[in-house]
Every structure is written in C-alpha cells, then in structure tokens.
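# Notes for the structure review
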Amino acid sequence: MPPVDTLQLSMATITMQQQAGAGSIPLSTLIEYIIQRTYHELTVLSELLPRRTDMERKIDIVQFSSRTRQLFVRLLALVKWANSASKVDKCGEISLFLDQQAMLFVETADSLARMARETLVSARLPTFSLPCAIDVLTTGSYPRLPSCIKERIVPPDPITPAEKRETLQRLNQIIEYRLVSSELPPQLHNLSIGNGRVKFTVSHEFQVTLTLMGDGPTIPWRLLDIEFLVEDHATGDGKSLVHGLQVNYIHQLAQSRLLDNENPLHDLYNCLHTFCQSLQLEVLHTQTQRLMRERLGDHIWVEQYMVGKCLVISYWRNQGKKTDSRTDPALIYKLNVHTDDCDPGKPLQVSHTPAISGQHSFLVAKTIKSDHLELDKLLIQTIHLRSRSKLKLLLQDLKKFATGPCEVCGVPPVLSLPVLHPCMESEKLSITLDIQRGVYMVSIHQYSSCKLAEELEEVLNDEKWGSVSEMFSRIRVWLTLERCKKTVQQLPITIVKKLPLVKASGHAILNKPNNMYIKLNRQPSYYLVIEPEERKTKKVILKYHLLRTSQSTYESSDLCESMEDVPCRYVKPKYMIFLDSFSLTHGPTSRIYDETMEEIKRESKDDYTRKVVPGGPLRDSPYYIPQLSHVVASCEDRIPFIALGEELEKEDFKHQGVSVEAPGCCLALTILHIPTFRGCTQKMVESMTRSLLTCKFRAQSARPPRGWTLEMVFVNNILGSSHSLEQGVVQRVLCMYIQLTDNAGAEKVVLEFQEDVSAVCHLHSLVETFAQVFNDVSNGLSSLVEIKSFNFKKITLGYGPKNSLTVTILWKSSEKGFHVSVATDKADFGANPHHVIVNQLAIDLNQTKSLARLVQILHETWQPMSAINNLPTAPQLGHTNKVSQPICCFTIIPQSPTHVRILFRNFYCLDIYFRGNKLVAIRDGAYSQFDTSGVIDGVHPTPGLKAFLNLFLDDSSTRNLATRRRSTTEDDNPPSPVGIDTFDFMSQPQMGSPAKTQQTTKDQTGYTSSPAGGAFPLASPTSHQSTVAPSPAGMLGTPSPGMLGVNSPSNSALHVPSPGSFVPAPSPSSLGIHMPSPAGTFISPQGMVDGGSPYPTSLTMPSPGPRNWPGSPSVPGPSPRGIGSAMSPGHAALHSPPDTKHVAIVGPPSRILPQRSWAASVPTLLSHDSLKKLLTPCPLPGSQPTLDEVIMSPLERFLGCTYMKRHLQRVVQTEEKLQNVPSTEAGVVMCRSEHLECRASHNTQTLQTLHLKITKTPESKEIWAPDDLIVLEKYFELKVASAPYKPNVLTAFGRLFAAPPRILKDCINLIRFDMNLAQDRNAKWSLQLCLTMPPGGPQITPTGTPAIVLKNNKILLIFHLTRINVNLPPGTEQTVIMPLVHDIINNVSNYAEQKTAQGPPPTQASVAISTMLKRFNEMHPKGDCSLLPAVREVITNLVIPM
C-alpha cells in the first residue's frame, strides 16, 4: 500500500474535524494511517539496507524497531483510554456542535453587515457590450480581445514539423563541419550525430552529448548530458556509482573547459577519463577491502593506495615459515594496478612483483578490462599462473620418485604423482598450492586424513629435500597396506594395529613398525602377520606369517611390549609359521608359469602386482589383492580342521588329515576308524561300520553361520525303501554342525558327532534285527507295513489303510532312547490316531527294542484308536453345576500302548484294552484291578455299563464267548481280582508271529536278548511240573489264524495250532465254563509289568491278596507261583488240538442276569467294528434325524443319560418339595411331589435315552387332564434328558415338577406352545421356555444356571420370544428374553427387573413388556391363575419396532 500523501491527510483531517468536531479522528482511520506509515518505512528500509554495511544495517533496524514500538504503544494507550471515555466524547461532541452553531450565527451576521456597509454602496452595473454578445452568439468566437491581454496570455503558434526537420538537418551539417575542421582525440572516434547533437561514447568510461547554438566558427560547444559507464557488478547492483550532484558539478566543470579553449574536445576527454580511472581504482580498492573483511583476512594487504594513481596489493604473505614475510619484502608477492605515466589516455595497467616469467607469462593480463572490474578474477588468474609455475619446478625434482607419468593440470593446478604401479587416480599423490598462503598442500584423494601426506607437506614447505625419498617409500608401503585393508574389509576378520604381546622377544618380525596384523574372528587365537617389503624397483612385496597365540596376563611377563597402561587382554605367542603364498594360491592342478614367459623368477611369485599394458585398461581393480584374499581364505578353511582333528584324536578317532578331494572341491577330513564310545556297544559299532563306506568332515561356509557337514556313505542297505531318493546302491547321511569360534566349539562338534554316530548305531542295530523278520516272506509282516524311508538316521514306516499312516523312529541322545512320532501322508485322512499314545509307544519300544512288536501293535490298534479319536475332547461350559468352569466331555488318558483310559466329564471312567484278533476289552475303570469291592477315588462306577456293552456284541466277539457261560456263581461271587492288565496283547500268539520270528532270529545270531524276548514266547516253558492242572484260559484257547499255517512245508514239525493264551479269564462263570471251584480264577501264569503294560517279563505274579469277597466260597486257591503253562511240558507239536466242539456246549444256555455293581469290572470283548459303532457319532436308533438334532456317539448318549439319572437323585435330595421313593428295580430313580409321582429309567432297548413316567397320586386324580402328563413326559425326553445333557436343565425341571398344580398346569400349557403342540393364530411371537439362563438377556442369575427358581411363594420363569408372521430382512430375526416373576399368593405376573445400580439401562422391549403386564394385572380377574393369560397377552399384543 503506498503511503498517504500529506496534503490528502490534511484535507481528510479538516473534513473529519468539520464533521465530528475539532481535534477528533476515527480510530479505524488512525490505525490505517499507522499501518501505512509502518509499511512505508519498512519498504524504504528494505531498499536501502543492501547498500549499507553490516553495522549500519543493524543500527537502522534497531531504530526502526524502537520507533515503531513507541508508535504502537501510544496507539495501545489511546485505545485503552477511548474504551472508557464514551461519556466524555459525547459531551465534547455536544459542546463542539453548540460552538459551531454559535460561530455560524456570528459569521452570518458579520457578512450581511459588511455587504450592506461596503460592497453594496459602490456597486454599479456596467453598460452592456452588445457587439461582443452578437459576435459570440453569431460566430461562436470572441475576436474583440485586447492586444495587451492576447500577447500576454495566448502563446504564439509553433513551427511546423517540416521546419523542425529542416532546422535539425542544418544543425547536423554544422556539427559535422565543426568536427571535421577540429582535431579529435583518438578515444572519441566512436560518435554519432543526429537531431542536432553529437554523442561521444568511450566504452565502460563515459558518454557525453554536445551541440552547437549557432553556425559561427567561434561558438563554443554546448554540453547537454554526461553519463558515466563505470560499474561495480559485485556491490553496485547495476546502479550508477556517481551521485547526481557530482554529475552536475562535473557537468559545470566540463562546460567551463569548453569555453575559450583551442582543443575543447581534448580537454573534455582528459577531464572525464581521469575521473573514470580514479573511479575504477576506487572500485578496486573497495573490493579489496571487502575481500579482506569477509574472506581473505590478512592473506592479502593493501600496501599502497593513491587516489587516481595506483593500488598496490600483496598476497601469499604467510608462505614462509622460517622467515617473517613482513621483515623480508622479497618473499612478498605484489600486484600493482596503476595509470600509465607516459600515456594518460591508456587504461589501467597491471604489474607484478616479482615479475612472472616463463612460457605462460603471456597469459598474464597487462591491463585491466574495464568491462568487468573484479579483483577476484585478477587475483585468481595471477595466483593460478604463480602456482602452475611453482608446480612445474617441483615436478622436475619429484619426477624420479614416481612410478609413472606425472602431470600438472586442472584449475587450480594440481601435480599428480603415481607412487604405485598400477596406480588408480584416487591413489595418486596430489600436490597443489594454497591459494591464500602459497604453501604446498599434499593429499591423497581416496584418504582424506593421511598423516604421511601431512609429513610430506611439511617436508616440502621446509625444503628438506633429503627426506623426500624416505617419505615416498613410507607412503608407498602405507598405500599397499591400505589396499590390503580394502581387500579383506568384507571378510570376517579384524585388523589390529598392534598386538598386545608379551614375551615376543624371540620373534624379530613382530617388532617391525610397518607390519599389519589380521585377527581371524572365527579363530581368535590365530593372527595373520603381513610384512611389507619395498624393493629397489619401487615395488612393495608382501610376506605372510601365521601366528598362534594364547591368552596371557601382564603379570606373567617381564616386559609389556605393546600397550603401556591401557587395560587389555594380553596374548603370548606360541609359534609363527611362514606362509608360502605361491603354494597356497596354486593347487595341484594350477599352472606354474604362463607359456609366454621365458623364465620364472622367484620374486614374481611374491609380487602381488599385475602386468599392465601401457595405455590399456586394467583388467582388475588394483585395490583388490587376490593373493591376500586367497591366503586369508586358506587360513580360514584350514585352521578349523586343525582344531577338529586334535579333538578327534583325543576321543581316539583316527583320521587321514586335511586333504583336497578334487579340483574345485573343498577340503575334507576323512575318518578312518570309529572306536567304541559311551552309549554304543562294540557290536553296534562293528555292525554299523560293516555298512559304512566313508565318513568325511567338510566345512560349510556358503552362508553364515559357518558349519561342518558330516557325510557318511553307506552301502548294503539292509532294508529297502520306497522313497525316490533312497533307491541307489549308495546311501548318504548328512549331518550339520555349527562351527563356533572358540576352542570349545571343536569339542562340541565332536560330542555332537558322537551323538549322531550313536543314533546311527542304535537305529542300525534295531533295523538290522527287524530286517531279518521283515524280509522273511513267510511271516507276512511285509504285507502289514511299508518302508517309506530309511536313511540310517531315521526310519519311516507306513501302515493302516493304504499305508497312509506313518510312524517315524529315530534315536535321540538327549533322551537316551528312541523317539517315536506319527503322522499321515494324506490330508483328507485327518490326524494320525496314534498321536494320543505316541509317548507310550516310545516307552514300549525303548523297553523291548523290538520294531516288529511296534509294527504289530500299530497294525492291531489303529482301528480302535481311530474310533476313540471320534470322541469330543474340547472343553465346554455347562457340563457341571459350576457353569463358569469348562470341562472336557471326554478325556483320553493313555496308560500303555494297549491300554487307554477314558473319562466322561471327570465322573465316569472306562478302561479299554486292545487285544488280538481285532478285539478290545472294555471294563469300568472305577473299580480297582485287584479288589472290585473298592472304588478308585475321583471316579464313580457306571451302572448298566455291562448291559449296554453287550448290546454291541457281534459275531466276531461272540465267537470268543462261545465256550463261556453264565451261572448263578456270577451273581453271588465277585470277579477275579486279577486285573485286565494281565491279559496279553496277543491273547493267542501265532506260531508265525513276526515278533517271535524276530526273537528266534536274535537268538540264532548270538545277539544279547532284549527285554522283548519274554513278550512273544514260542511255547510253554519246559521246567514246569506235569501234574499242574491246566489253566482255564488254556482250556478256552481257540486256534490261532496263524500267519504261518500248520500244514505249511516250512513248519512241518509244528503240526498243531499255537497254544492258547497264558492269561486267565477273570471269572470262569462269566466265560460260560462250569467249574466246581472258582479257584482257577486266581491263577495267573504271567506277572504284571509296571505301569499296566500287558507284556509280562516272567511267569510269576504276586499274590492276589485277601479272599474275603462277598458271597465267595471259602475255597483256598493255590499259590500262583506254582502255576505254569496251560499245556504240558514239551514241544508244542506233541500236544493234541483242543476239541472246540465239546467246549462250546459245556455250559447251559445263557440267561439274563440281574445287574450287579461290580459286573462292569469284568471286561467285555468287542470287535473293532463294534467299537467303531460304539464311539462314532450317529443319529438315535429308531428316530428320524432332524436339522437341530445333536449327533452323538452311542457311548456319549448312554453316559449322558446315566449322568443325568444320577443328577436326578441329587435334585430329589436338594429340593424340599420332592421326596425320594425307594425302588426295588435296578437302575430306576423314583420320586414324588405333592400331587405327582415319577419314575426315571433308561430305554431298555437302546439304553441311550432316559424316559420319565409320571403318574397321578390318589389325591390329585381330578386335577390333571389325561394328556397333561404325557406332554410333560415328552418334554422331559426331548428337552431335558437330551443332548448336551446339562445338569442345570434337570435341576430347573425338578423345580418345575415341584411347583404347585396351578403353576405347573399353566407351565404345561406353555410347554405345548414351546413344542408346537398348541397354536394361537393371533400370536405374533413364538414361545420357548428356558430351563437355563440364556446369554444376552437380563442377567438376573449367571448365564447357564437354572432359570426356574421357586422361593418365597414366587416363581421365576425365563421365556425366549421370537417374532413370527412378519417380513424381516433375510438373515435377521427379532428376539426378546422375557424374565417373568409370578406371585403365587397374589396371582400377579410381573416383568423381573435387575435391581442393581450399575446394571444396563432398561431396553425398549423390557419397558413395553413391563407396561403391558402391569396393565394386564389391573384388568385380569383374580380367580384364575394369571401366568398363562399373562404370557398369552404378551405373545399376542407385543409390538416392538425394529
């Protein structure tokens, strides 16, 4: 905004004073004026500050800030005062208005009086000028104007343009004539004539314009204009350097020189030229002062300045160090700018002290170019030539120390000296001169900080030429070591300047100052010592030494030869080896010399430099020394083998030493002999080494971390494999080890190597015995299992359906045993069923050391384990009374490979034993295996389990029971105390059993018998007495299907079936055999294995304990120690086969026996198919499956019903209005309320559902309708005693059953709506009676607790309402949880509200229902029960907007 003019401001002020009164102005206008003024001053300041010095700028800025601050402070005070002076302003305005009015009155009166007394007295009217009026009206002009007025006011007419051109053309001719006739200075020949004037121009000095006032020869020149062309582009900003007053003065002076002068133009030029030269010198002087002040300081100095004469500047004042430049003028370089004394018309001259000579002296400017007055360029040009001249002289002295061509080039000039061959540009020694001081500056471009360069710089400046050769030698060695650092910078090493050595006096090489020490990070006790040595040919040769050290302390030495007081870890040298770089870098297949070479010099193999064709490019970078990297890599590769070999020798492993296997291959350490070490027997090692071809260690260093690769090559694979990579004759086993940096790393590698060899030996020993059985086609083991992989470290076997199940066995030294893991090959098959018992399988394998036994167990148990895995094991809420505590429905607890214990809700327990011939034995796990009269703590007996399991008997299981019978002795006597764990897994071992074959093979080969030898006996022991009565189990033995037939040619000696099991049946009466005494039930020919394993290790067992079981006859049983095999001594072929026909009809026909509490402790044999039916989820038998039906297994339904029936007894005991009714029937729970009786029992056909039979009491026959009780029974079956069998549901039903008849009857009618037995066409909501507290509703009680509460003559009911008969968006539904409290005494039904201060606010639905029920209670009659009508009112009339 431009500043406001003072006149405008005054007029505006006067106007405002007239409008608002004298001395007042609007505040907005005042603020605007102040802002305009401030902006104007700031604009002016910004234009003036760049031309002033720094101190003047600061002063102007401070003055402007202070002045502006005071102005705005006054404005602030004025504003604060004006805010509180409104009344004063009003009074002032009134007073001002009255004063103005009075003044106007007075002035009007005075004016009228003056007019009447003075003006009107002498006033006369002149005569009318009619001629003038007629002229004006007729012609429109006034020709009668007097001449005196016309000449004074009206200007004369101008000349015409033609006259102007003619006059100027004539004047141009006069000027040309005058110039031709007079003498002109040669500098004024640049002229131009036009428009009656002449213009003289002297480049970069001045420009003048002259004219003549006449054509006389003596008329002097008239000076019209002067313009000075001298400029200072650095500081003048393109503006004129001469002030207007100075120009006017010079104008007057020059005009005076043109008057009365013979050579006026000569005098004019001399006057203006002298002034311009003086102005140019002043500009240069000003630039010099600015350079001294801002940039150069004392490095330049103005020695002399004479205005208009000369300017002397000195530079390079501090180049000498020994002599003071101020006392010795000869060392000062000067630059003199002056005028020419002989010819003042010449421009400014330049001279140098001392004078510049040489071939480049012509480049020095002799005069100043007036177009650009810049002292910087003049100094730079001068110093550039000075520097180039000095460097050329220095080049002649230093050329002999260079290894290649030297040159001086660049701006500023730089002398480049190569000190190595070949030498990169960044490695060349660069010498230049300091522009300010004139001293030498030495540097190496690649290394910014180099102390040797600084030392050489000091030598050159001090002119110590005798030390130059030594300095170049040191620089050459230093650059070579820097190349070494760059070569190994990416390698895992550490460069050490100096080693903290103690007792190093015996190694003279270590005391050399130029040595370079490389610490191998992976081998901290080894150092690579690089010794540089310069030859006379200006080449540096590198020698390599390998130093082996050990840790030491300062106290252990007499003298510390490294660091003085710096705390560090000292090392003591052990030995140092000279490394022949030629042998390290040339292998057995490398060329010794090139064909083009005529002779081989020993020196050439130590020279790392490469030949370079003159003028040709470098093949490789000189920074990289391949010889050094090869030496470091060779040390890195070979040193770990040294430590590994030493550790192997300590453990008695014989090896061949480090060797190169083949061209292009890595180093290897071959093991020649594997001794017997801890964890492996001699036979294992010998057996493994018979198949071992080679064993080698190799270093793996492709990727970090570095490691060892152990390769073990095996031949004669004793066991085939279906894996594609294991089909060759040779099998390789690779092991990886981490290569640590310390000495303990080798010990760890050897320890891990021993563990791997131990794993191979143990697995080879296990597989070798198994292979003899597997390769025998006669036993059929190869049809049961497939060898999917065997790589001598682990073996993977496939079994099950299509061999899709896999088991992997490997030896783990940390566990000191075999590790077993299972998996599946096909994703659609699911998890491996044996993952539950995988730990038990591993324990059994480590005990028996029999792989054939493991295969047979897996084959016989995969089907039952698949069925067991179908049971739900996920934790769920609501299965117990503690609704917040999740509990598993089924918990599978493996006891042994053939024994699994299953817990149902941690309440009931089942023991499942896997037996041969695709059978399993199931018993109640709540009973002890030794005393059935006692129950195990924590679990409860399962009533009816025996009868339930008998429902799943099929032909395969009943075939084993064909010789069994049931008699009254079972009703009276408890079963045998001998536990089911005495049952052998293979109840009828075959003659051709692979396990037996494996044992026989082991005995023939002479190996030590493993614990598995007693698991699969070939025949009965021969040392027993022949008078021993046969075992009942032996009498019941059935012929084994046998993998090796009786009439087989390979088994002609064994012409009888294999003997029966040595395991007795738990009770002879339960097996269908009539015997006079149950003493046989206490006979056990085999002992127990710890942990419940079914595989005995001896033929004896402990005494069964006391015989005082209820109802048992007092017949003393024989000692089990004297009981032997069921067959007579001798070979099994001498025994005649048992007559199974007679055995099958020994007992009378079977009959249904009453249940006994210990009946389920007797095992029940089921086939695998029956077990699958028992444990696989399926719909309820005899019912049509529905969408909302929960699919469960028969066992889960049975146990759930049993659990609910037991919980019903607790409900009867806890509820006050329910009474227990004793029942004579087993498995039946009876109770009664005030008006009803109920009987709960299992479905006798399936035992998978729980039925409730409700009958009327004699007192309440007239209360209940015929179908009311049927509805309640059906509701109990479908909603209460159904999946998921929640006990709180039964508790709520029990409370509902104990409710008063009026309440129960209305609830039955509501149940009809819940079960869709009754419909209301007007209903808008469907109804569901909640037996447990649902989530999402009012939390009157915790979620999952019983939703029916009967207390203090009030009953709480929870209903779940769902909107029907309305169109809702797909996938959405409108539901409401309605808690209802019915007061039995007052017959009032209300909405149950949560009475908590922190509860959620009431919802729209709860408010609507509460209001509706209150209105209903007011309108409903008090006679009938209001529960059912109230609920109907809600489901009929409730409307809740979405």
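Relevant structure appears above.
Below you will find a few notes about this structure. (Residues numbered from 1 in each chain as written. Predicted model: local features only at pLDDT ≥ 70, side-chain atom pairs only at ≥ 80, totals over all residues. Heavy atoms only, no water.)

### Quick word on the overall build of the chain
The number of helices and strands found in the chain is 32 helices and 42 strands. Each of the 1442 residues in the chain was classed as buried or not, and the buried ones make up 44%. Sequence-distant contacts, at least 24 apart, represent 58% of the contacts inside the chain between residues at least 6 apart. Working note: accessible area of the chain is about 77400 Å², and carbon and sulfur atoms make up 55% of it. (Helix = DSSP H or I, 4+ residues; strand = E, 2+ residues; numbered from the N terminus. Buried < 20%, exposed > 50% of the residue type's maximum accessible area, 1.4 Å probe, protein only. Contact = heavy atoms within 4.5 Å. Areas by Shrake-Rupley, 256 points an atom, 1.4 Å probe, with all protein chains shown as cover.)

### Examining the pattern of salt bridges
Opposite charge on two side chains permits them to pair, given that their charged atoms come into close proximity. In the structure shown here, the tally under the stated rule is 32 salt bridges. Across the pair Glu 41 and Arg 67 runs a salt bridge whose closest N-O atoms are separated by 3.5 Å. Residue Glu 41 is located in helix H2 (residues 27-48), and its partner Arg 67 is located in helix H3 (residues 54-83); the two are separated by 26 residues in the primary sequence. Accessibility expressed as a relative area gives 37% for Arg 67, which makes it partly exposed. The partner of Lys 377 in a salt bridge is Glu 374, with the nearest N and O atoms 3.9 Å apart. A network of salt bridges, in which partner residues are shared, links Arg 37, Glu 41 and Arg 67. (Salt bridge = Lys/Arg side-chain N within 4 Å of Asp/Glu carboxyl O.)

### Things to note about the pairing of strand E36 (residues 1236-1242)
Counting buried residues in E36 gives five out of seven residues, a clear majority hidden from the surface. For strand E35 (residues 1229-1232) and E36, the ladder comprises four bridges, and the chain directions are antiparallel. When the bridges of E36 are listed, Val 1229 appears paired with Ala 1240. Both E36 and strand E37 (residues 1250-1256) contribute to a ladder of seven bridges, which runs antiparallel. By the bridge assignment, Cys 1238 is partnered in E37 with Ile 1254. (Pairing = 2+ DSSP bridges.)

### Quick word on the environment of Asn 461
As for its placement among the helices and strands, Asn 461 is situated in helix H11 (residues 451-461). Separated by 23 residues in the primary sequence, Asn 461 and Gly 438 place their C-alpha atoms 9.9 Å from one another.

### A closer look at the packing of aromatic side chains
In total, this model carries 24 aromatic pairs according to the counting rule given. Between the aromatic rings of Trp 811 and Phe 818, the centroid separation amounts to 4.9 Å while the plane-to-plane angle is 85°, which identifies the pairing as edge-to-face. The residues Trp 811 and Phe 818 share a single accessibility class, namely buried. Members of the aromatic cluster, joined through ring pairs, are Phe 641, Phe 653, Phe 677, Phe 697, Trp 708, Tyr 737 and Phe 753. Over the ring of Trp 221 we find Arg 178, and its NZ or CZ is 5.8 Å from the ring centre. The ring of Trp 1325 carries Arg 1363 above its face, with NZ or CZ at 5.5 Å from the centroid. (Phe/Tyr/Trp six-rings, centres within 6.5 Å; stacked < 30°, edge-to-face > 60°. Lys NZ or Arg CZ within 6 Å of the ring centre and 35° of its normal.)

So far we have only geometry, and geometry alone does not tell us how the molecule works.
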